[in-house]
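# Secondary and tertiary structure notes
Listed here are the chains, written in short residue letters.
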Amino acid sequence: MATFKVNGIEQDLDIEPQMPLLWALRDELGMTGTKFGCGIASCGACTVHVNGSAVRSCVTPVSAIEGQEITTIEGLAMVAAGANPSAPDLSAVQQAWIDHQVPQCGYCQSGMIMAVSSLLATNPNPSDVDIDKSITNVCRCGSYPRVRKAIHSLATA
Amino acid sequence: MKISRRRFLLSSALVGGGILIGYSALKPSKHRRANAELVTGEERYVTSFIKIEPNNKITIYVPHSEMGQGVHTSLPMMAADELDAAWEDISVEQAPAIDMFANGDLVTGFAGEFGLPGFLTGIVNASAVTIAELVNLQTTGGSSSVRFTGESSMRTAGAAARQMLVQCAASRWGAAADECSTQLTYVQHNSSGRSLSYGELAADAALLEPPENVTLKDPSQFTIMGKAISRVDIPAKVDGSAEYGIDAQSEDMLYAAIRLAPVFGTKLISVDAGDALSRRGVKRIIELEDSVAVVADSYWRAKEALKLVKSEFEFSDADTTSSADLFAGFKQSLSEDDNSEAMEVGDTEAAMESASDVIEGNYTVPYLAHAAMEPMNCTVHIHDDIAEVWTSTQDALGIKSRVAKIAGLSEDDAIFHHSYLGGGFGRRLPFNWNVIDHATLIAMEFNVPVKTVMSREDDMQQDYYRPAVASNFKAAFDANGMVQAWHNRFTGPVQTPGASHIPYAISNQSIRYVDVDTHVPIAAWRSVDHSQQTFFTESFVDEIAHRAGKNPYQFRMEMLANHPRHRKVLEVAAEAAGYGQNLPEGHALGIAIQESFGSIVAEVAEVSLDENNRPVVHKVTCAIDCGWAVNPDTVEAQVESGIIYGLTAALYGEITIENGRVAQNNFPDYEMVRMADAPQIDVHIVESGEELGGLGEPSTPPLAAAVSNGLYILTGRRVRSLPLKNHEFSHSTPIAQV
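Residues numbered from 1 in each chain as written. Chains lettered and ligands numbered in written order. Predicted model: local features only at pLDDT ≥ 70, side-chain atom pairs only at ≥ 80, totals over all residues.

### Observations regarding the overall build of chain B
- For chain B, the count of helices and strands is 18 helices and 28 strands.
- Out of the 738 residues in chain B, the part that is buried amounts to 56%. (Helix = DSSP H or I, 4+ residues; strand = E, 2+ residues; numbered from the N terminus. Buried ≥ 20, exposed ≤ 12 C-beta atoms within 10 Å, placed from the backbone.)

### Section: the environment of Asp-89 of chain A
Residue and element names in this part refer to chain A.
- Checked against the element boundaries, Asp-89 lands in the loop between helix H2 (76–81) and helix H3 (92–99).
- For Asp-89, a count of 11 C-beta atoms within 10 Å corresponds to the exposed category.
- Separated by 38 residues in sequence, Asp-89 and Asn-51 place their C-alpha atoms 21 Å apart.

### A few points about the sheet that holds strand E3 (residues 47–50) of chain A
All names here are of chain A.
- The five strands are arranged E2-E1-E5-E3-E4 in an open sheet whose pairing can be described as mixed. Both outer strands of the open sheet, strand E2 (9–13) and strand E4 (53–56), are each paired with one neighbouring strand and no more. The average angle at which neighbouring strand axes cross in this sheet is 40°, direction not considered.
- The pairing of E3 with E4 spans four bridges and is antiparallel. Across the sheet, His-49 pairs through a bridge with Ala-54, a residue of E4.
- Sheet strands in contact with helix H4 (residues 109–122) are E3 and E4, and its direction is about 40° off that of E3. (Pairing = 2+ DSSP bridges. Axes fitted to C-alpha atoms, helices over the stretch in contact; angles between N-to-C directions. Contact = placed C-beta atoms within 7 Å.)

### Things to note about the packing of helix H11 (residues 396–407) of chain B against helix H12 (residues 434–443) of chain B
Residues and elements named next belong to chain B.
- Contact geometry for H11 and H12: axes closest at 9 Å, N-to-C directions at 40°. Of the possible angle classes, the one that applies to H11 and H12 is oblique. Remark: the crossing between H11 and H12 carries right-handed chirality. Side by side, H11 and H12 meet where Ile-399, Arg-402, Val-403, Ile-406 and Ala-407 of the first sit next to Ile-436, Asp-437, Thr-440 and Leu-441 of the second.
- Broken down by class, the residue content of the contact of H11 with H12 amounts to six nonpolar, one polar and two charged. (Parallel < 35°, antiparallel > 145°, perpendicular 65-115°, else oblique. Left-handed = near helix turned anticlockwise from the far one by under 90°. Nonpolar A, V, L, I, M, F, W, Y, C, P; charged D, E, K, R; others polar.)

### Notes on the interface of chain B and chain A
- Listed per partner, the contact involves 49 residues of chain B and 47 residues of chain A.
- Breaking the side of chain B that touches chain A down by element, the ones donating at least two residues are helix H7 (234–238), helix H8 (299–306), helix H17 (632–651) and strand E28 (680–685) of chain B.
- At seven residues, the largest contribution of residues to the side of chain B that touches chain A is made by H17 of chain B.
- Residues that form the side of chain B that touches chain A fall into these classes: 27 nonpolar, twelve polar and ten charged.

### Comments concerning the environment of Gly-423 of chain B
- With respect to the helices and strands, Gly-423 of chain B occurs in the loop between strand E18 (414–417) and H12.
- Residue classification places Gly-423 of chain B among the buried positions, given that 27 C-beta atoms sit within 10 Å.
- Residues Gly-423 of chain B and Ala-372 of chain B, spaced 51 residues apart in sequence, show a C-alpha to C-alpha distance of 4.8 Å.
- Those residues in contact with Gly-423 of chain B, other than ones at most four positions away along the chain, are Cys-105, Tyr-107, Arg-140 and Cys-141 of chain A together with Met-67, Ala-372, Met-373 and Glu-374 of chain B.

### Here's the deal with the domain arrangement of chain A
Residue and element names in this part refer to chain A.
- Under the domain assignment used here, chain A contains domain 1 (2–76) and domain 2 (84–156).
- For domain 1 and domain 2, the distance between their C-alpha centroids amounts to 20 Å.
- Each partner contributes residues to the interface: domain 1 has 16 residues there, and domain 2 has 15 residues.
- Here the element with the most residues in the side of domain 1 that touches domain 2 is E3; it accounts for three residues.
- Split into classes, the residues belonging to the side of domain 1 that touches domain 2 amount to seven nonpolar, eight polar and one charged. (Domains from an automatic or database assignment.)

### Notes on the sheet that holds strand E17 (residues 386–390) of chain B
Residue and element names in this part refer to chain B.
- The sheet built from seven strands is open, its strands ordered E11-E12-E9-E19-E16-E17-E18 with mixed pairing. Both edges of this open sheet fall to strand E11 (282–288) and E18, since each of them pairs with a single strand only. Across the sheet, the mean angle from the axis of one strand to that of its neighbour is 20°, orientation sign disregarded.
- Sheet strands touched by H8: strand E9 (254–260), E11, strand E12 (291–296) and strand E19 (450–453). Its angle to E9, the strand with the most contacts, is close to 30°.

### Description of the pairing of E19 of chain B
Residue and element names in this part refer to chain B.
- Side chains Val-450 and Thr-452 project from E19 onto one buried face, and the interleaved Lys-451 and Val-453 project onto a second face that is buried too.
- Bridge count for strand E16 (residues 377–383) against E19 is four bridges, and the pairing is antiparallel. In the sheet register, Val-380 faces E19, and the bridge partner there is Val-450.

### With respect to the packing of H17 of chain B against helix H18 (residues 701–715) of chain B
Residues and elements named next belong to chain B.
- Running from N to C, H17 and H18 cross one another at 55°; their axes reach a closest spacing of 8 Å. With respect to their mutual orientation, H17 and H18 come out oblique. In this structure, the crossing between H17 and H18 has a hand that is right-handed. Contact residues: Ile-643, Gly-646, Leu-647, Ala-649 and Ala-650 in H17; Leu-703, Ala-704 and Val-707 in H18.
- Of the residues that constitute the contact of H17 with H18, the class distribution is seven nonpolar, one polar and no charged.

In structure tokens form, the structure reads like this:
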């Protein structure tokens with residue numbers, strides 16, 4: 001059995017302890033917002049939050065997150081809103097992604113948004129060097145210039 | 001606007017009122033067979049459909065795939081503008097993958113199959129062309145969607161619908177059509193101020209014959225085109241709800257992990273399943289002609305079990321082949337005088353013989369993988385003598401037909417489910433069938449949906465690659481240092497005729513190629529032959545400029561006297577990049593230009609070396625003449641995208657062959673540009689008002705040459721092969737930036 005919370009909901013899954021969290025989310029829970037890109041923690045498409053910190057779920061066995069709080073792209077806005085019922089449907093990062101028209105194909109953007117949300121939670125005004133060091137996700141459409149602009153817009157907002 | 005093709009306008013009444021109007025431009029095709037022709041041909045023939053309902057809601061069906069290039073927004077913008085609709089009243093749907101959206105032909109049972117109750121009943125069957133001639137007409141490639149579908153189809157459909165609505169309103173008011181005007185989804189009677197919504201008129205309009213000739217707007221009348229409208233697909237891409245092919249799911253779904261023959265073209269001999277079948281969730285081991293697959297109740301279980309399966313593939317002559325062997329073969333082929341003409345002007349041989357000076361450069365580029373972020377995958381469900389398919393594709397109709405054929409069904413018995421594409425770049429074009437065929441064959445063994453997913457390693461090692469090319473250049477100068485002849489011999493095949501041509505005024509040109517055949521499968525890769533040829537030609541032109549003692553920018557301007565559009569984009573890019581002005585210490589500028597897919601792009605790369613003497617690209621300034629911009633923000637995004645894609649190839653991109661197979665596995669050994677490498681990109685749209693050019697590809701070709709031309713100025717080292725990671729640089733012999 002694997003027991004952990006996803007977007008605030010307790011999940012008890014009869015799965016192998018070695019199963020990566022990515023596949024537990026996608027194939028067991030049917031939550032497909034978290035993407036498979038490389039399977040070796042290189043590209044970041046599978047990034048989720050474990051207790052608020054960005055983690056690459058494709059190499060994170062469910063045994064390593066027993067009892068912990070997982071946030072995925074589907075729950076990001078809800079978690080950001082907390083108990084505030086009048087909070088918007090999107091987190092500030094998600095809204096900035098629309099405002100700056102960041103995604104193209106969009107496949108990497110769940111992971112990108114999760115990684116950026118985690119960065120901004122610990123470093124609300126990151127420098128370009130901070131961004132380069134912490135956002136290492138791959139985007140084949142080359143949305144990087146817009147990702148950078150969107151991050152800076154959030155920092156100075 | 002001139003339309004020389006046969007065309008048909010169709011309209012029909014909707015159940016419950018309203019109108020559906022479509023436009024179809026058809027031409028029997030001679031060039032449907034080859035992948036290369038599909039992506040490089042100059043025309044696409046597809047229909048568009050606009051549905052207007054009594055409540056004034058308008059739906060525009062887009063027949064092209066959305067892979068981030070923004071067609072689900074740009075094409076509806078074109079129809080909506082000609083229709084004079086309010087953008088807020090528009091909703092967008094992907095056109096179903098059925099022949100109707102390729103040829104105006106109705107498929108019986110459409111409504112039941114796609115759950116749109118009867119709204120298509122009664123459409124005229126206007127098709128005079130057989131379905132066989134129309135296969136693949138929903139293809140998205142060749143940077144074609146907006147310039148062909150948009151210009152010839154979407155705008156005309158919008159304008160025709162507007163004209164019919166005006167006619168209905170005028171007749172209700174007993175007025176003449178020219179006393180009426182349209183705006184924001186309403187028709188007004190100018191003198192009386194009366195107005196009717198399109199929704200109120202749609203049912204009547206459906207009874208009219210569509211006009212044979214429609215007048216399109218002058219750009220000064222545009223209300224939607226030319227504006228930076230937000231893309232309709234983006235909201236779903238920030239909250240995880242956007243569905244890609246790989247996201248298909250059902251309760252009873254099974255998953256396949258597959259191992260294809262590591263040496264291309266070889267067959268499976270034997271399989272030792274080991275303990276794989278005893279692993280939890282594993283259903284079957286499937287042996288196919290060239291592969292073995294494990295099917296389980298989760299992808300991870302299938303993938304893990306596949307590791308336990310031993311497989312043997314037949315011996316092949318290619319088993320010992322390496323990249324070095326392939327390039328040696330290219331060199332040998334080029335040295336033999338057995339070539340085909342790409343372009344012959346003047347007498348290059350004579351000019352070479354009488355030259356005062358001849359320079360030579362041998363260039364090569366490697367194979368490249370597409371590496372779309374969404375690994376290749378395909379879900380097939382065969383049940384009740386039909387095949388349902390879910391996959392991310394640039395060619396829905398082609399996939400449908402292929403799956404039906406493999407499954408032994410008729411095309412009408414295949415149902416395609418659309419999704420967004422997690423990148424395409426040419427990998428998801430027709431004829432790159434490997435995952436589609438395998439997924440179908442595997443699914444035929446089950447009566448539930450089976451999702452076959454390539455791992456990133458499979459995706460990288462079982463691609464259809466951007467061809468490796470070798471090229472030999474010579475240039476001849478006369479006694480005055482003027483270039484008199486241009487000689488280019490390169491390895492084919494040619495996928496994009498004209499990509500090797502140069503716009504420069506050189507009176508003697510001999511451009512010829514030799515086809516080489518290897519066991520490595522090849523296909524179109526973003527910008528197709530332009531990606532290799534532009535690196536070659538724009539680097540060698542730079543060599544010529546330096547040899548002639550000219551500033552590379554000024555030299556190009558002089559040699560482009562008869563190409564005002566080229567000169568303009570060069571000038572805009574050079575000026576915006578600060579060409580000729582002081583640069584930061586240790587920085588240099590390189591410039592390159594290429595026309596491809598109807599757009600002309602000049603790029604200036606500002607480069608330096610880091611503390612480890614590795615190249616850094618700080619900024620790319622780009623000027624693009626794509627005729628005019630339907631959606632300027634989408635234009636900029638596509639240009640940025642093509643530059644980053646080109647930069648990854650220039651800095652890192654290299655697929656090598658060792659022992660007949662691809663040596664690279666995953667992103668660590670096929671590295672990507674990431675945030676830290678990504679330059680500042682400054683895009684300038686030059687509106688020439690000429691015909692629309694493509695956008696998905698044209699910014700990729702000049703990038704590698706712009707960067708390496710800058711590195712030459714910085715280091716004195718001329719780069720004649722990519723990627724740059726294989727080269728050593730130092731500041732020892734810089735060239736003065738002029």
